[in-house]
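One-letter residues, chain by chain:
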Amino acid sequence: GHVTGVQTCALPISVLVTAGPTRAYLDNVRYLSNYSSGQLGFEICRALEKKGLRVIAVVGPCDAPFDQLKKTQVVTVQTVKEMSREVKKICQQHSPQVAVLSAAVLDFEPKKTLKGKVSSKESWKIELVPTPKIIDEITRDFPEVKKVAFKLEWKAKNLKQTKSFGQKTMNDKKSQALCLNYLSEIDALKHPAFFFTEDGKV
């Protein structure tokens, strides 16, 4: 990872934030990715800075202006594997109290990445396999770190089902809080979300 905006500070890093999308390369030219501007993660880092907290952010390829942050240490990555590796390294070296996992991490990647550029003259079958879940790796390897999970879905059903789904997701991920949002409702002017906490508040 490439580190930018590092400032020396006596305080320990207390919050880890993941942000932006991840990529999975099909060959040396083409990749899969998912929708994420990185703006949500950027706003979270900015808000945490204003609270006086020490923040380190692991950020996938995006246009959000992370270079504007004054006190956040930023590590840039591209793939799920890179993000996972950097998150584990930060947990080992800095023992953050909280991980805010707002990145849009790919759920699938190609079983095999091909070298060079695959010819476009014929069809190309690609087998996708599940990627490791970074939140599950934190739970397994660093159980002392509190987690704020993020779940992006496409469209909400009714309020009762949304609340039930949110509570179940938070419990399944063994997280202390969950932000549940729906891409069909997000645009340049609004970003509605449901926020769940382990004491039952929504």
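Residues numbered from 1 in each chain as written. Predicted model: local features only at pLDDT ≥ 70, side-chain atom pairs only at ≥ 80, totals over all residues. Heavy atoms only, no water.

Colleague: Please clarify how the overall build of the protein chain should be interpreted in this entry.
Modeller: Each helix and strand in the protein chain was counted, giving 4 helices and 12 strands. By the compact-globule yardstick of 17 Å for 202 residues, the protein chain fits well, its C-alpha radius of gyration being 18 Å. Based on the C-alpha atoms only, the size of the protein chain along its principal axes is roughly 55 × 45 × 35 Å. Buried positions account for 39% of the 202 residues belonging to the protein chain. Taking the intrachain contacts of the protein chain between residues at least 6 apart in sequence as the baseline, contacts between residues at least 24 apart amount to 68%. (Helix = DSSP H or I, 4+ residues; strand = E, 2+ residues; numbered from the N terminus. Rg over C-alpha atoms; globule rule 2.2 N^0.38 Å. Buried < 20%, exposed > 50% of the residue type's maximum accessible area, 1.4 Å probe, protein only. Contact = heavy atoms within 4.5 Å.)

Colleague: Even after reading the chapter, I still don't get the nonpolar core, so can you show me in this structure?
Modeller: Looking at soluble globular proteins, one finds that nonpolar side chains tend to be buried together. With 24 residues, the main nonpolar core has Leu 16, Val 58, Met 83, Val 87 and Ile 138 as its most contacted residues. In terms of residues, this core owes the most to one element, helix H2 (residues 80–94), which gives 4 residues. Apart from residues no more than four positions distant in its own chain, Ile 138 is found in contact with Val 87, Ala 99, Leu 101, Pro 143, Val 145 and Lys 147. Counting 17 residues, the second largest nonpolar core, distinct from the first, contains Val 15, Ala 57, Phe 66 and Val 148. (Core = buried A, V, L, I, M, F, W, Y, C linked by side-chain atoms within 4.5 Å.)

Colleague: Hey, could you run me through helix H3 (residues 134–141) in this one?
Modeller: The α-helix advances 3.6 residues per turn, and as a result positions three or four apart in sequence lie on the same side. Taken together, the buried positions of H3 are Ile 134, Ile 135, Glu 137, Ile 138 and Thr 139. Those residues of H3 hidden inside the fold are in contact with H2, strand E7 (98–101) and strand E10 (146–153).

Colleague: Looking at this structure, how should I read the pairing of strand E2 (residues 15–19)?
Modeller: When a strand is regular, its side chains alternate between the sheet's two faces. Taken across its 5 residues, E2 has 5 buried, putting it largely inside the fold. The side-chain alternation of E2 yields two buried faces, one formed by Val 15, Val 17 and Ala 19 and the other by Leu 16 and Thr 18. Bridge analysis of E2 against E7 gives 4 bridges, and the strand direction is parallel. Bridging across to E7, Val 15 finds its partner in Val 98. (Pairing = 2+ DSSP bridges.)

Colleague: What am I meant to see in the packing of aromatic side chains here?
Modeller: Going through the model one piece at a time under the given rule, you end up with 2 aromatic pairs. On the numbers, 5.7 Å between centres and 80 degrees between planes, the contact of Phe 42 with Phe 66 is edge-to-face. Taken together, the residues Phe 42 in helix H1 (residues 39–50) and Phe 66 in the loop between strand E5 (55–59) and strand E6 (72–76) connect sequence positions 24 residues apart. (Phe/Tyr/Trp six-rings, centres within 6.5 Å; stacked < 30°, edge-to-face > 60°.)

Colleague: Please clarify how unusual backbone geometry should be interpreted in this entry.
Modeller: Working note: non-glycine residues mostly have negative phi, and peptide bonds are mostly trans. With a phi close to 45 degrees, Ser 95 is a non-glycine residue in the positive phi region. Tracing the chain through its elements places Ser 95 in the loop between H2 and E7. Positive phi values are uncommon outside glycine, yet Lys 174 reaches one of about 50 degrees. If you trace the backbone, Lys 174 turns up in the loop between helix H4 (159–172) and strand E11 (177–182).

The values reported here are purely geometric and, on their own, carry no functional implication.
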